[in-house]
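# Chain and residue survey
If you want the building blocks of each chain, they are given just below.
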Amino acid sequence: MDYQRILCGKSEPLPLYEPVIACLEQPQAFPDLLEPIYRDAMKLDDETLDRFRFALLRLQLYADVHRNEDMEKAMHIRYVAQVLEKVIFGTLVMEPPEPEAS
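Residues numbered from 1 in each chain as written. Predicted model: local features only at pLDDT ≥ 70, side-chain atom pairs only at ≥ 80, totals over all residues. Heavy atoms only, no water.

Turning our eyes to something else, we now look at the pattern of salt bridges. This model, assessed by the stated rule, comprises four salt bridges. Where Arg39 meets Glu35, a salt bridge forms, and the shortest distance between an N and an O atom there is 2.9 Å. Of this pair, Arg39 and Glu35 both sit in helix α3 (residues 30-41), separated by four residues, roughly a single helical turn. A relative accessible area of 46% places Glu35 in the partly exposed class. Residues Arg78 and Asp64 are paired through a salt bridge, measuring 3.2 Å at the closest nitrogen-oxygen approach. One end of the pair, Arg78, is in helix α5 (residues 71-89); the other, Asp64, is in helix α4 (residues 46-65), with 14 residues separating them in the sequence. Given a relative accessible area of 26%, Asp64 falls into the partly exposed group. (Salt bridge = Lys/Arg side-chain N within 4 Å of Asp/Glu carboxyl O. Helix = DSSP H or I, 4+ residues; strand = E, 2+ residues; numbered from the N terminus. Buried < 20%, exposed > 50% of the residue type's maximum accessible area, 1.4 Å probe, protein only.)

Take a look at the structure:
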């Protein structure tokens, strides 16, 4: 799977994509790489951080579109992208609304 293409969209790659790709290719590496990815992301300027968030959104969209091809892989891609987005940005852009209490 070409994770680099998905992350980049129509933009140039960011160095931060390499550890994200490592997490996608080796799920067992994700817990160890979470903090270094977060710390590297916190050093980015606002425009680059925005590009990174859209890269994570593209991963989530890709997982949704291709979930019927390989459900387990799609769930893993979505999980990595959502955890990174939540940890780095505090919220999810595509978060489902909270159910209202009766």
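Our focus in this paragraph is the environment of Gly9. Tracing the backbone shows Gly9 in the loop between α1 (3-8) and α2 (17-25). As for Gly9 and Cys23, which are separated by 14 residues in sequence, their C-alpha atoms are 19 Å apart.

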